[in-house]
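# Coordinates in review
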Amino acid sequence: MGLPEERGRSGSGSRGQEEAGAGGRAQSWSPPPEVSRSAHVPSLQRYRELHRRSVEEPREFWGDIAKEFYWKTPCPGPFLRYNFDVTKGKIFIEWMKGASTNICYNVLDRNVHEKKLGDKVAFYWEGNEPGETTQITYHELLVQVCQFSNVLRKQGIQKGDRVAIYMPMIPELVVAMLACARIGALHSIVFAGFSSESLCERILDSSCSLLITTDAFYRGEKLVNLKELADEALQKCQEKDFPVRCCIVVKHLGRAELGMGDSPSQSPPIKRSCPDVQISWNQGIDLWWHELMQEAGDECEPEWCDAEDPLFILYTSGSTGKPKGVVHTVGGYMLYVATTFKYVFDFHAEDVFWCTADIGWITGHSYVTYGPLANGATSVLFEGIPTYPDVNRLWSIVDKYKVTKFYTAPTAIRLLMKFGDEPVTKHSRASLQVLGTVGEPINPEAWLWYHQVVGAQRCPIVDTFWQTETGGHMLTPLPGATPMKPGSAVFKQPWPGIMRTVYGNHERFETTYFKKFPGYYVTGDGCRRDQDGYYWITGRIDDMLNVSVREKIGPIATPDYIQNAPGLPKTRSGKIMRRVLRKIAQNDHDLGDTSTVADPSVISHLFSHRCLTIQ
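In this numbering scheme, every chain counts its residues from 1 along its sequence in written order. Only residues with pLDDT of 70 or above have their local features reported here, since the model is predicted, and side-chain atom pairs are shown and tallied only from 80 upward, although totals for entire chains, interfaces and linings are computed over all residues. Note that water and hydrogens are dropped before the side-chain values are worked out from all heavy atoms of the structure.

### Thoughts on the overall build of the chain
Looking only at helices and strands, one finds 18 helices and 25 strands in the chain. Across the chain, every contact between residues at least 6 apart in sequence was considered, and the portion connecting residues at least 24 apart equals 77%. Only the protein chains shown count as covering a residue, and every accessible area follows the Shrake-Rupley method with a 1.4 Å probe. On the chain, roughly 24,200 Å² of surface is accessible, and the fraction owed to carbon and sulfur atoms is 50%. Every helix listed is a DSSP run of H or I at least four residues long, and every strand listed is a run of E at least two residues long, numbered separately from the N terminus. Residues are treated as being in contact if the distance between any of their heavy atoms lies within 4.5 Å.

### Some points on the nonpolar core
Grouped together as the largest cluster of nonpolar side chains are 108 residues, with contacts concentrated most on Leu 141, Phe 148, Ile 165, Leu 178 and Ile 212. In contact with Leu 178, not counting residues within four places along its chain, are Cys 104, Val 107, Leu 108, Leu 141, Val 145, Thr 369, Tyr 370 and Leu 373. With 26 residues, the next largest nonpolar core counts Phe 382, Tyr 401, Ile 442 and Val 453 among its residues. Among buried residues, the Ala, Val, Leu, Ile, Met, Phe, Trp, Tyr and Cys ones that are joined through side-chain atoms within 4.5 Å form a nonpolar core. Burial status follows relative accessibility: with a 1.4 Å probe on protein chains alone, a residue under 20% of its type maximum counts as buried, one over 50% as exposed, and anything between as partly exposed.

### Observations regarding the confidence of the model for the chain
Here the chain averages 86 in pLDDT, and 83% of its residues register 70 or above. Scored from 0 to 100, pLDDT records how confident the predictor is in each individual residue. Every residue in residues 6-41 scores below 50 in pLDDT, and together they form 170 contacts with partners more than four places removed in sequence or on other chains. Below pLDDT 50 for its whole length, residues 260-264 participates in nine contacts with residues either more than four positions away or in separate chains.

### A closer look at the pattern of salt bridges
A pairing counts as a salt bridge when a side-chain nitrogen of Lys or Arg comes within 4 Å of a carboxyl oxygen of Asp or Glu. Under the counting rule described, the total for this entry stands at 23 salt bridges. Note that Glu 49 is salt-bridged to Arg 52, the shortest N-O span being 2.8 Å. Here Arg 52 and Glu 49 lie together in helix H1 (residues 44-56), a separation of three residues that amounts to about one turn. Put simply, Lys 583 and Asp 588 hold a salt bridge, and the shortest N to O gap is 3.1 Å. Residue Lys 583 is classed as partly exposed on the basis of its relative accessible area, which comes to 24%. For Asp 588, a relative accessible area of 25% gives the class partly exposed.

### Observations regarding the sheet that holds strand E18 (residues 405-408)
Pairing between two strands requires that DSSP report at least two bridges joining them. If you trace the seven strands from one edge of the open sheet to the other, you get E5-E4-E17-E16-E18-E19-E20, paired in mixed fashion. Sheet topology places strand E5 (133-137) and strand E20 (461-463) at the edges, where each strand pairs with a single neighbour. Each adjacent strand pair in this sheet contributes to an overall mean axis angle of 20°, direction not counted. Note that strand E16 (residues 352-355) and E18 share three bridges and pair parallel. Residue Cys 355 lies in a different strand from E18, and its bridge partner there is Tyr 407. Here, axes are lines fitted to C-alpha atoms. For helices the fit covers the stretch in contact, and angles between N-to-C directions go from 0 to 180 degrees.

Below, the structure is given as structure tokens:
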């Protein structure tokens with residue numbers, strides 16, 4: 001597998017979420033013909049040639065891509081080695097093993113010093129409240145990353161150590177993850193909407209030696225005391241005999257107390273009047289970010305890492321209830337997210353790119369931070385939500401920053417559809433050129449509204465299918481050049497961005513993704529192929545029970561009890577949580593971590609309407 005398959009899809013969805021639950025039923029519909037071409041995109045013929053080379057000549061294709069990046073030492077041996085067949089031994093994937101590089105150096109130092117992009121804006125930050133804004137250039141970002149890299153080294157963090165990050169969408173989150181990458185430490189980012197139990201579980205699983213968090217933040221109208229949740233998580237870790245030695249805290253909600261300062265990422269004082277939020281302080285463990293940064297030098301030599309050294313861990317829910325720590329590596333991930341960003345979004349130097357995903361998800365890792373920065377792009381970093389302070393928010397931001405490429409989830413599109421066209425059409429949106437969707441299937445009604453209203457019938461839509469495990473796009477249309485249909489669900493050869501293992505449990509990696517069909521990576525999604533040769537993602541292959549008549553399936557397969565349900569417990573991206581259903585069937589209320597459930601009320605309803613069973 002090389003570049004994403006250029007056959008587009010409607011009715012399929014991305015698993016660019018922690019829960020990695022893609023799918024959805026295929027939809028038998030096609031986009032209007034007027035979006036089949038766009039003058040500003042590369043020719044379909046050129047893209048197909050690139051795709052052909054990436055599949056048929058992967059070593060040569062990715063070798064050419066690799067030449068666009070800096071390598072401290074070249075690859076000394078085979079460019080690609082792998083085994084996808086469990087019957088032939090251990091599963092492994094190695095791209096450019098032995099070559100050394102640093103992804104932070106490639107996305108920051110080279111852009112500043114070689115490409116002379118130091119004064120270019122890397123991020124426009126838009127806070128929860130309109131008017132809370134700042135911007136940070138590539139040079140300013142490099143300086144802050146070097147400073148925080150020195151902070152981490154002073155705290156004893158070394159290459160290979162794991163660092164947990166539990167923060168909202170603020171510039172310091174980007175600084176923290178890039179600083180980890182600069183010194184060869186693995187970042188494990190936990191979505192700031194997750195519980196203290198979820199944070200504790202992830203810290204324990206990867207033995208994180210340091211936590212980076214924030215005092216508090218607003219998400220719409222809701223105040224989240226993140227430090228309190230972090231403290232609870234660290235207490236749970238302590239109780240389980242794993243004390244975390246240091247917690248670095250960004251003063252975000254209380255930043256007015258610091259004054260404006262000279263920091264380019266220092267956002268203006270919060271406009272909303274804050275209640276008296278009590279921030280507890282653990283002497284000997286807690287340290288203020290701003291105090292550490294004041295003492296840090298602004299130059300830091302990067303740690304040169306092997307291309308196959310781990311870059312980060314990102315957890316995705318597992319059917320057993322224990323999240324899987326997906327491990328991505330330095331070299332292959334860098335090449336893949338940079339290349340997919342460039343081609344899928346038809347990137348141009350003057351673009352302003354906006355991916356609305358939280359960095360706590362893989363979408364944010366790949367297409368908020370690493371992919372755009374690797375291409376020297378300018379992006380929008382948004383702390384808020386689509387409906388606060390009103391339903392105009394996204395479109396006012398599009399106009400404010402003249403966003404050209406916009407990437408969001410079908411959930412947000414369906415939500416905003418309910419408020420009609422007027423909140424959208426009263427804004428210009430003239431800057432928009434390409435629209436994208438990620439995270440779950442998009443239904444025809446939402447697709448058409450997105451195309452006709454948001455895109456004013458002139459913007460191609462790239463509906464991307466991928467997973468936390470794949471690192472980047474796997475199946476997607478080319479903007480404006482590809483009729484939109486879906487792609488396959490198994491892959492027989494590796495691509496650079498594929499995960500390398502489940503952290504601390506390689507056997508689980510092999511069983512989950514390679515055991516079912518030896519010789520193939522299995523996504524876990526089913527598909528069908530239509531008469532035109534296009535593949536349609538039909539949903540998770542293990543989510544639903546096939547139903548038939550008693551004579552066909554036999555009495556041994558007849559259910560003992562059948563319970564009507566208005567809905568099933570699903571993750572935000574549509575994956576049915578089978579372990580929770582098993583608990584309900586057993587009338588066992590000890591459900592474990594349910595922080596990834598999209599609608600917890602469904603669980604309560606299923607318990608309260610549970611069938612009376614004979615034990």
